[in-house]
Amino acid sequence: MSLINTEVKPFKATAYLNGEFIDVTEADLKGKWSIFFFYPADFTFVCPTELGDLADNYAEFKKLGVEIYSVSTDTHFTHKAWHDSSETIGKLQYPMIADPTLQISRNFEVLIEEAGLAERGTFVVDPDGKIQIVEINAGNIGRNAEELLRKVKAAQYVRENPNEVCPAKWKEGEETLAPSLDLVGKI
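Residues numbered from 1 in each chain as written. Predicted model: local features only at pLDDT ≥ 70, side-chain atom pairs only at ≥ 80, totals over all residues. Heavy atoms only, no water.

J.: Even after reading the chapter, I still don't get a nonpolar patch on the surface, so can you show me in this structure?
T.: On the surface, Ile-4, Val-134 and Ile-136 cluster together into a nonpolar patch covering about 220 Å² of accessible area. Within the secondary structure, Ile-136 sits in strand 9 (residues 131–137). (Patch = residues over 30% accessible without salt bridge, like charges linked within 9 Å, V, L, I, M, F, W, Y side chains within 5 Å. Areas by Shrake-Rupley, 256 points an atom, 1.4 Å probe, with all protein chains shown as cover. Salt bridge = Lys/Arg side-chain N within 4 Å of Asp/Glu carboxyl O. Helix = DSSP H or I, 4+ residues; strand = E, 2+ residues; numbered from the N terminus.)

The following block contains the structure:
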């Protein structure tokens, strides 16, 4: 079953952020755009490149009113240790959610049960707490923050302009489509 347009299920977790442990719940998502960025584990290989890419683009996400939550099944203590020991992870200014109970990973249907790890799952959540974008990558394929930014802009645009759609490769400022019978068979 698709998670598109479903509400994020209730959760409570501890996250590491800017030298502190904080609590995060689904209530924190209401009223703003959010990204849940699941990755397999701390102290690995592809994961720091992805999290670093998000960190390098974090200011652009914030300009769009988007909060990023990275999530793995590691503990918040492990997140702190990784943050303190890695130059790349030390750049992160967004919450690193710990999911040692595996509940959040199960809620988003990215848990690899036999491994106790999460798939590389990306979820864009709208201000109503509903999932608008789902992307799952194989463990050895890293994601691109600039492409995620483009998708977030498209999701925000169609939310603000419900009678329009964004075609393939759409970028902010480009022409959109207004679905109608006149377009059928002409694209």
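Right, picking up where we left off after that structure.
J.: Quick question: what am I supposed to make of the sheet that holds strand 3 (residues 33–38) here?
T.: Strand pairing in a sheet relies on backbone hydrogen bonds. The paired strands run either parallel or antiparallel. What the seven strands build is an open sheet, ordered 2-1-5-4-3-8-9; its pairing is mixed. Lying at the two open borders of the sheet, with one neighbouring strand each, are strand 2 (20–25) and strand 9. Strand-to-strand twist of the sheet, defined as the mean angle between neighbouring strand axes without regard to direction, takes the value 25°. As judged from the two bridges shared by strand 1 (residues 12–17) and strand 5 (residues 96–98), these two strands associate in the antiparallel manner. Paired with Tyr-16 across the bridge in strand 5 is Met-96. Relative to strand 4 (residues 66–72), helix 1 (residues 46–63) is tilted by about 165°, and along the sheet it contacts strand 3, strand 4 and strand 8 (120–125). (Pairing = 2+ DSSP bridges. Axes fitted to C-alpha atoms, helices over the stretch in contact; angles between N-to-C directions. Contact = heavy atoms within 4.5 Å.)

J.: Any chance you could explain the pattern of salt bridges here in plain terms?
T.: Opposite charge on two side chains permits pairing when their charged atoms draw close. Tallied over the entire structure, the rule returns 13 salt bridges. A salt bridge links Arg-120 to Glu-50; its shortest N-O distance comes to 2.7 Å. Here Arg-120, found in strand 8, pairs with Glu-50, found in helix 1; they are 70 residues apart in sequence, far enough to count as distant. Here Arg-120 and Glu-50 have matching classes, each one buried. One salt bridge in this structure joins Glu-67 and Lys-62, with 3.1 Å as the shortest N-O distance. Assessed through its relative accessible area of 11%, Glu-67 is described here as buried. Through salt bridges that share partners, Glu-50, Arg-120 and Arg-143 make up one connected network. (Buried < 20%, exposed > 50% of the residue type's maximum accessible area, 1.4 Å probe, protein only.)

J.: Teacher, can you tell me more about unusual backbone geometry here?
T.: One can expect most non-glycine residues to show negative phi and most peptide bonds to be in trans. Phi at Leu-102 is positive, roughly 75°, even though this residue is not glycine. Structurally, Leu-102 can be placed in the loop between strand 5 and helix 3 (103–107). With relative accessibility at 17%, the residue Leu-102 sits in the buried group. If you check the backbone angles, Lys-169 has positive phi at about 65° while not being a glycine. Assignment of secondary structure puts Lys-169 in the segment after helix 4 (145–160). For Lys-169, a relative accessible area of 71% translates into the label exposed.

J.: In this structure, what is going on with the pairing of strand 1? I would like to understand it.
T.: Within a regular beta strand, the side chains point alternately toward one face of the sheet and then the other, so they alternate between its two faces. Of the strand pairs in this sheet, strand 1 and strand 2 are connected by six bridges, and their pairing is antiparallel. Considered in strand 2, the bridge of Tyr-16 is made with Phe-21. The turn joining strand 1 and strand 2, which pair antiparallel and follow one another in sequence, is formed by two residues; a positive phi near 50° is taken by Asn-18.

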